[in-house]
Amino acid sequence: MKSLLLPVILLLGDCLAMAASEKQEIPATLEAARELGRQKSRFLHETKAATKADDGIPLANVADFQKLVEPVIKRSCVGCHGPKKAEGKLRLDHLNADLLKGPDVERWREVYNALTKAEMPPEDSLEERLSDSDRATLVLWLGEEIHKASLLRRASKEQSAFRRLTKDETNYALQDILGVDSAFANKLPPETASEDGFKNRSDLLQMSATQFQSYRDIGFEALRRATVHGPRPQPVTYSISMKEQMAMGLSAKAAKPFISGDPASKKHTNQQHLIDTETGMGVQVSEGKALPRDNFAFGQTPPVSPVVWVLPASGEVKLNLDRFLPDDGVMRVRVRAGRSNMNPNEYASLRLVFSAHTSNNASFSQTISPRDIPVTAASDSPEFIHFDIPLSDIQRNPFRKLTTTFPRRDEFLHIKNISNASGGQDRLNVLIDYVEISAPFYEQWPPKSHTDIFFKSIHQEDEQVYGREVLGRFLRRVWRRPAEKQEVEAFMALYSRYRPGFASFEETMVEVLATTLASPEFLYLTPRQAPESARKGPPRIDEPALASRLSFFLWASPPDEELLKLAEAGKLREPGILSAQVKRMLDDPRSKRFVRLFVDQWLGLDRINSVSHLTDADLRAAMLEEPVALFEEILRRDRSIMDFIDCDYAMLNERLAAHYRIPNVYGPHFRKVTIERAANRGGLLPCAAMLTINSDGTDSHPVKRGVWLLQRVLHDPPPPPPPNVPQVDLTDPEILKMTLKERIENHRNQAACASCHSRIDPWGVAFENYDALGAYRTQIKNRPVDATSELFNRQKLAGIDGLKAYLLTERQDQIAQAMVHKLTAYALGRPLSLGDRPDLEQLSARLRQGNDRLSGLIQLIVSSEIFSSKD
Amino acid sequence: MNPKTLSLSRRSFLRGTGLALALPWLETFAASTPSKAGTPKRFLSVYHPDGVGLPLKSDPAWEEWSWFPRGGEKDFELTKVLDVLEPLRSDITVYSGLSHPAARRVHGHSNADQYLTGAAVGGQGPYQNTISLDQVYAEHVGDLTRHASLVMSTNGGVGAPRGAQTQSFNREGRPIPAMNRPRQIFEMLFVTSGTEAAERLARSKSALDLLIDNTRSLKRQLSSRDQETLQHYLDAVRDTEVKLAKAQRWIDTPIPQVDTRNLNLDAEPKEARIYFQTMYELIYLAFLSDTTRVATFQLGRENGEGPHDLLSLAVGLSGAHGLTHAVKKPGGWQNLGTYNRYQAEEFGRFVQRLKDTPEPSGVSNMLDNTFAMHGSASSSFHLSRNYPIISAGGKNLGFTNGRYLKFGKGNEDNQAGAGIDTDAGWNGKIEVEELPLSNLFVTILQRLGVETDTFGGQTGTLSRV
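The rules behind the values
- Residues numbered from 1 in each chain as written.
- Chains lettered and ligands numbered in written order.
- Predicted model: local features only at pLDDT ≥ 70, side-chain atom pairs only at ≥ 80, totals over all residues.
- Helix = DSSP H or I, 4+ residues; strand = E, 2+ residues; numbered from the N terminus.
- Buried ≥ 20, exposed ≤ 12 C-beta atoms within 10 Å, placed from the backbone.
- Contact = placed C-beta atoms within 7 Å.
- Core = buried A, V, L, I, M, F, W, Y, C linked by C-beta atoms within 7 Å.
- Domains from an automatic or database assignment.
- Nonpolar A, V, L, I, M, F, W, Y, C, P; charged D, E, K, R; others polar.
- pLDDT = per-residue confidence, 0-100.
- Axes fitted to C-alpha atoms, helices over the stretch in contact; angles between N-to-C directions.
- Parallel < 35°, antiparallel > 145°, perpendicular 65-115°, else oblique.
- Left-handed = near helix turned anticlockwise from the far one by under 90°.
- Pairing = 2+ DSSP bridges.

Undergrad: Just to check I follow, could you spell out the overall build of chain A for this structure?
TA: Per the secondary structure count, chain A includes 30 helices and 22 strands. For chain A, the spread of C-alpha atoms along the principal axes amounts to about 100 × 75 × 50 Å. Put simply, chain A has 871 residues, and 44% of those count as buried. The long-range share in chain A, meaning contacts at least 24 apart out of those at least 6 apart in sequence, stands at 73%.

Undergrad: Is there a simple way to think about the overall build of chain B in this case?
TA: Per the secondary structure count, chain B includes 12 helices and 13 strands. For chain B, long-range pairs separated by at least 24 residues make up 68% of all intrachain contacts whose partners lie at least 6 apart in sequence.

Undergrad: Explain the nonpolar core here, please?
TA: Among soluble globular proteins, nonpolar side chains are generally buried collectively. By size, the foremost hydrophobic cluster in this structure holds 155 residues, and its most contacted members are Met690, Ile815, Leu857 and Ile861 of chain A. Of the residues forming this core, the biggest block, 10 residues, is contributed by helix 27 (residues 812-828) of chain A. Viewed by domain, this core spans two of them, domain 1 (2-156) and domain 3 (595-810) of chain A, each represented by three or more residues. In contact with Ile815 of chain A, other than residues within four places in its own chain, are Ile641, Met642, Ile645, Val713, Leu714 and Leu807 of chain A. Within the second largest apolar cluster, 104 residues are counted, among which are Phe68, Tyr137, Phe190 and Leu288 of chain B.

Undergrad: Just checking my understanding: could you explain the domain arrangement of chain A for this structure?
TA: One widely used convention gives an interface's size as the accessible area the parts lose upon coming together. Residue and element names in this part refer to chain A. When cut into domains, chain A gives domain 1 (2-156), domain 2 (236-439) and domain 3 (595-810). Contacts between the two partners involve six residues from domain 2 and, on the opposite side, four residues from domain 3. Of the residues that constitute the side of domain 2 that touches domain 3, the class distribution is one nonpolar, three polar and two charged.

Undergrad: I keep staring at the confidence of the model for chain A and nothing clicks. Help me out?
TA: Detailed conclusions should not be drawn from predicted coordinates in areas where pLDDT is low. The share of residues in chain A with pLDDT of 70 or more is 90%, and the mean pLDDT across the chain is 87. Contacts for the low-pLDDT stretch residues 48-55 of chain A, under 50 throughout, to residues beyond four places or in other chains number 16 contacts.

Undergrad: Please clarify how the environment of Leu517 of chain A should be interpreted in this entry.
TA: All names here are of chain A. Assignment of secondary structure puts Leu517 in the loop between helix 13 (505-516) and helix 14 (520-523). You can call Leu517 buried: it has 24 C-beta atoms within 10 Å. With 294 residues separating them in the primary sequence, Leu517 and Leu223 have C-alpha atoms 9.4 Å apart.

Undergrad: Explanation requested: the packing of helix 17 (residues 575-587) of chain A against helix 29 (residues 854-863) of chain A in the structure shown.
TA: Geometry of a packed helix pair, given as the angle between the helix axes and the separation of the axes. Residues and elements named next belong to chain A. Contact pair helix 17 / helix 29: the axes reach a minimum separation of 10 Å and the direction vectors enclose 130°. In terms of orientation, helix 17 and helix 29 fall into the oblique class. Relative to helix 29, the crossing made by helix 17 is right-handed. Contacts between helix 17 and helix 29 pair Pro575, Leu578, Ser579, Val582 and Leu586 from the former with Ser855, Ile858, Gln859, Val862 and Ser863 from the latter.

Undergrad: Whenever I open this one, the pairing of strand 7 (residues 294-298) of chain B confuses me. Can you help?
TA: Side-chain positions along a regular strand alternate between the two faces of the sheet. Residue and element names in this part refer to chain B. Among the five residues in strand 7, five count as buried, and that is most of the element. Residues Val294, Thr296 and Gln298 line one face of strand 7 and the alternating positions Ala295 and Phe297 line the opposite face, and both faces are buried. Strand direction decides the pairing type here: strand 1 (residues 42-47) and strand 7, joined by five bridges, are parallel. Note on strand 7: the bridge partner recorded for Ser45 is Thr296. Where strand 4 (residues 150-153) and strand 7 come together, four bridges link them in parallel fashion.

Undergrad: Help me understand the packing of helix 6 (residues 182-191) of chain B against helix 9 (residues 272-288) of chain B, please; the structure alone is not making it clear to me.
TA: Residue and element names in this part refer to chain B. Helix 9 packs onto helix 6 with a crossing angle of 5° between their chain directions and a minimal axis gap of 10 Å. Taken together, the axes of helix 6 and helix 9 lie roughly parallel to each other. For the pair helix 6 and helix 9, the contacting residues are Pro182, Ile185, Phe186 and Leu189 in the first and Thr278, Met279, Leu282 and Ala286 in the second. Here the residues of the contact of helix 6 with helix 9 are counted per class, giving seven nonpolar, one polar and no charged.

Undergrad: Before we go on, may I ask you to explain the sheet that holds strand 9 (residues 389-393) of chain B in this structure?
TA: In a beta sheet, neighbouring strands pair by backbone hydrogen bonds and run either parallel or antiparallel. All names here are of chain B. With mixed pairing, the seven strands of this open sheet are ordered in space as 4-7-1-8-9-2-10. The open sheet is flanked by strand 4 and strand 10 (403-406), the only strands paired with a single partner. Put simply, the sheet's adjacent strands are angled 15° from each other on average, direction ignored. For strand 8 (residues 370-375) and strand 9, the ladder comprises five bridges, and the chain directions are antiparallel. The partner of His374 across the bridge, within strand 9, is Ile390. In the packing of helix 9 onto the sheet, the strands contacted are strand 1, strand 4, strand 7 and strand 8, and the crossing angle to strand 7 comes to about 175°.

Undergrad: What's the story with the environment of Val430 of chain A in this structure? I'm lost.
TA: Residue and element names in this part refer to chain A. Turning to its location among the elements, Val430 is positioned in strand 15 (residues 430-439). Owing to 31 C-beta atoms within 10 Å, Val430 belongs among the buried residues under this scheme. Residues within four places of Val430 in sequence aside, it is in contact with Leu311, Ala337, Arg339, Ala348, Val375 and Asn417.

Undergrad: What exactly am I supposed to notice about unusual backbone geometry here?
TA: All names here are of chain A. Cis geometry marks the peptide bond from Ala439 to Pro440; its omega dihedral reads -5°. Relative to the helices and strands, Pro440 is located in the loop between strand 15 and helix 10 (448-453). At the junction of Trp445 and Pro446, the peptide bond is cis and its omega measures out at -10° in the coordinates. Relative to the helices and strands, Pro446 is located in the loop between strand 15 and helix 10. The phi angle at His715 is positive, at roughly 45°, despite the residue not being glycine. By the secondary structure assignment, His715 is in the loop between helix 22 (702-713) and helix 23 (733-736). At Asn851, a position not held by glycine, the phi torsion is positive, near 60°. Along the chain, the position of Asn851 falls in the loop between helix 28 (837-849) and helix 29. C-beta crowding within 10 Å serves as the criterion here: with 13 such atoms nearby, Asn851 is assigned to the partly exposed category.

Undergrad: Can you help me understand the confidence of the model for chain B in this one?
TA: Residue and element names in this part refer to chain B. Put simply, chain B has an average pLDDT of 84, and 88% of its residues get 70 or more. Low pLDDT, under 50, characterises residues 1-36; the predicted model gives this stretch 45 contacts beyond four residues in sequence or across chains. Model confidence for the complex: the whole-complex pTM is 0.73, and ipTM, which rates the interface, is 0.82.

This is the structure:
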């Protein structure tokens with residue numbers, strides 16, 4: 001047990017310094033605040049081992065409680081937390097002083113936190129003032145007892161990491177195992193988030209018969225898409241030259257032809273049109289039409305045509321494809337496009353939309369391309385851009401197979417120009433001269449997803465031998481460990497039972513493989529214990545289980561071949577190898593999943609989807625991306641997590657920069673932009689997403705913002721509102737006259753509300769310069785914004801900079817601990833408890849010693865004992 | 001023709017025709033429905049979270065916007081909240097004075113969990129629920145239809161303990177995930193049955209056996225706590241086995257084709273009107289085609305953000321949950337009442353539809369053979385007492401409608417807990433006497449043909465119903 005001991009009791013002086021310094025002057029600049037705050041870290045001071053590292057069972061020190069602690073509590077605390085008042089429903093005279101066996105350790109931890117953060121006793125209660133030495137007595141005793149209690153809990157396996165894969169993980173696992181890009185698991189029911197916001201927590205992931213049935217359906221469907229049988233299907237192919245479209249356009253009854261250069265042509269050329277750049281002949285056009293071509297070899301590169309479809313910003317090539325696209329398979333769309341100018345501040349990209357208009361008021365359209373693809377080539381040397389769209393994933397015209405012509409059966413593909421270009425002389429247009437569409441499209445035949453399962457083998461002719469090979473390989477991917485011989489045999493027996501019902505080996509095997517995708521070892525992350533060794537300490541998981549834990553952490557998906565091989569060879573845990581693997585995994589694009597899932601859940605970003613006052617879809621998307629991009633920047637550039645509190649840059653695209661009134665940011669992609677202090681941005685706190693989700697639909701909501709900060713950033717969630725809290729009575733005319741801030745203050749002044757709200761509201765009031773969508777403001781209803789507030793401990797906060805300065809000066813350790821808690825909880829997928837405290841404290845110390853680097857924290861977590869631990 | 005080909009061709013037929021060619025149900029499939037004893041008896045429960053408006057008599061809003069009717073059993077008068085049901089007056093019953101004793105001091109935010117179960121789900125600590133009313137009936141009657149029950153909610157899934165997003169709980173007290181996407185529900189009911197072919201069922205059976213073996217060997221690796229988690233999986237597999245055995249009997253029964261004109265399968269909760277109507281229509285079609293006889297539908301979840309909070313957009317109000325908090329704002333009671341009125345209106349539309357549809361067996365109309373209830377487990381703000389419940393239909397089951405039935409003592413004017421808009425209420429002293437809602441549940445079960453005299457730990461029926 002000695003090796004696990006991290007001294008919790010920090011130099012008492014530190015602790016007191018922290019308490020006493022809470023009201024110190026905050027440095028003038030945020031840089032200085034960050035520097036000073038770092039110096040104050042208790043984790044950076046050499047700590048002495050205050051607790052003896054006993055090998056025996058720790059015992060509660062009740063004697064010291066009675067002798068030293070209880071008298072102080074009676075003197076300074078019981079007045080409010082005792083028989084007379086019981087503020088916050090806490091009665092210190094009733095708490096059991098045995099933290100090791102008693103039931104009150106969690107309450108004592110709250111007491112400890114309130115004391116160390118100098119929140120208690122309140123400043124205004126003169127008679128209950130706590131002298132520095134009394135505070136030290138309480139903190140010292142509590143710290144020691146909590147530490148002993150946590151060690152005791154650690155040995156008692158409170159929490160389990162055995163858990164089902166989440167919906168997202170199931171999706172990614174199927175995509176990675178089968179090599180098919182589709183959102184298979186969307187039909188699974190949504191997961192429940194823990195109080196930390198995470199959706200991968202073992203005790204909240206449930207299972208039911210309906211859900212089990214969904215897994216079976218999903219697995220079968222995914223395999224059906226990954227594999228093929230029979231000869232290569234004849235694709236439906238469209239080859240669309242703009243020359244033909246122009247001919248059709250000119251022959252239309254209401255054709256509007258024009259000659260380029262004519263004074264009258266301007267009204268046409270400002271809109272989308274077809275034009276022959278050699279002759280100057282043009283025609284305005286709203287939609288084109290095409291039919292499939294027989295025996296057409298897809299992938300042509302015809303000479304660049306002088307006839308082009310010209311798309312101004314928001315213009316589109318709308319193509320009526322009639323009703324011939326197949327039901328499923330991938331549709332590949334190739335578009336040859338170029339830009340009319342190369343102005344670096346303007347961008348243009350292509351988006352695919354699919355639609356049908358079946359009868360009056362019965363139409364639909366949806367964006368089918370997962371992301372817009374920028375057009376980068378010049379119009380005199382256009383280049384192909386391609387999209388791959390799984391047809392069975394998109395809304396199709398349900399009438400397309402009717403034999404009658406009504407309702408309408410045709411389907412439309414729109415190639416849309418998404419651009420920030422404005423008008424003017426040399427406006428940026430996209431010029432398209434050729435489009436090809438083919439479905440079902442296969443890069444190769446049979447596709448790689450098929451040959452990954454049904455690979456070449458010399459035993460291919462012998463179903464019994466080959467079947468075992470196929471199963472063995474597949475099971476290893478699905479179970480994330482080698483399957484044993486008898487396990488393969490059991491599935492082979494199933495194969496033999498199924499075989500008579502099917503025409504081919506492959507069809508039969510797909511049925512069997514689908515069963516493996518509903519098996520418990522696919523659906524559940526199993527912490528298999530490593531074989532007993534001479535090693536001391538708590539039981540660890542074996543290396544394949546470690547590989548799984550690692551890959552579900554950083555990729556939300558099973559380990560790849562390299563990880564599996566290392567694990568099977570027993571080499572994964574070697575320190576150099578493990579850290580190199582983490583680095584490799586973070587460099588892999590799959591790590592983007594981790595970033596997105598973690599940030600979304602940590603910050604509760606999905607709440608933005610139920611916000612009714614945000615109607616601009618581009619702004620919403622940009623808001624969602626900003627914190628993800630910030631996390632990614634901090635992670636990939638080895639920056640400090642204190643950048644989340646403040647930094648001199650922001651992650652922006654054009655839409656968001658416009659919202660923030662930051663000039664000269666062009667294009668839809670996110671990039672790092674260095675900002676001035678006057679921009680009032682930098683870090684997570686002024687991100688529009690946070691400010692928007694914590695609004696009430698019309699205005700800022702300081703209480704929500706305060707709770708959000710406490711819960712998400714400081715990991716110090718306030719207790720839920722107690723009963724008997726009066727509502728703000730808005731029928732009272734006096735109250736109606738007040739500003740929101742005044743109302744909140746009024747509410748807080750009522751005794752029943754004060755104890756909680758004084759801990760919440762001041763944090764939120766500091767954000768008052770941001771409106772319900774996170775835009776900066778200096779006035780509310782023609783009155784200047786008052787974003788000053790006073791924390792419970794009399795600390796004054798002046799607006800966002802004051803808040804940042806305070807956090808950086810006084811709360812760096814807490815921020816680091818919060819980050820450790822959040823990332824570790826996500827990494828382990830289980831609730832963290834008191835028993836995890838020693839490990840978490842150690843991680844926090846090392847994070848701080850490593851200059852708070854986020855990338856370093858991930859390495860620290862992965863290499864920690866807690867990450868390898870079975871429970 | 002082997003069964004597999006048959007089913008595939010039926011499926012592709014359906015796909016090929018899209019949703020346009022709806023065949024009248026009666027002509028095509030009435031004859032091929034397996035013979036079942038008599039006319040179906042159906043049960044529906046619609047649940048809405050967050051309760052209703054209950055202003056004090058002294059409040060000017062009381063006159064129009066208090067949910068409960070005024071007057072006596074027969075001569076009752078509906079306020080503005082329920083006046084949309086006036087045309088159906090003789091087909092409905094309004095109840096007061098009922099609640100689940102185990103939950104009378106539970107915070108309203110946990111109420112969706114216990115409305116149909118009556119369980120003491122408590123406010124904290126370990127959580128255990130019990131079987132819901134609909135599932136008791138489904139156990140009794142489920143084998144007669146392709147689907148034992150239809151479980152729907154706007155939010156879908158199961159939610160969290162004390163934050164249910166489903167009204168239905170199985171015998172183990174585990175939540176049954178609710179479906180929330182009209183298209184998925186439609187496909188489950190009328191397109192893919194999951195029971196396509198006998199072959200596939202037989203294969204499923206062997207696959208399940210193998211998975212159970214896998215589970216056993218995995219179990220040996222796990223701690224006892226993890227074995228419990230795995231037990232959920234094993235239970236799910238076994239439940240699936242039971243379903244398969246049942247499905248076996250449905251293989252030769254064609255999937256009914258229904259009139260899809262009133263469906264809008266891509267509707268989402270934020271398009272509240274279309275979404276509500278489509279969901280109700282799915283229940284109607286499932287009942288009409290005798291695809292199931294049991295349905296539950298939860299409109300949103302208690303306390304929280306999410307799609308349901310946008311449902312009130314249907315009447316131009318934002319934040320459904322917020323309405324209950326805002327009753328003291330100007331127009332607050334009216335806003336809440338307007339939203340409740342809208343819920344009643346949609347329920348009424350559904351009831352009217354049942355009433356207008358002759359029972360396929362020929363025995364009067366569908367409403368007379370259906371007991372449909374609509375309610376919440378909160379009355380005033382977060383208060384888990386005096387549930388506001390309306391029921392409709394069930395004449396042939398023995399229900400006499402056109403009545404306002406007051407139960408309990410001391411709260412004849414529904415003023416206990418009225419006017420509160422704070423959490424002081426839910427935890428307050430119980431001053432009036434209410435009867436257990438489970439007594440009504442026992443009455444319902446008995447009339448549906450289930451032999452029982454207890455539900456949720458309460459014995460006995462409710463007199464006068």
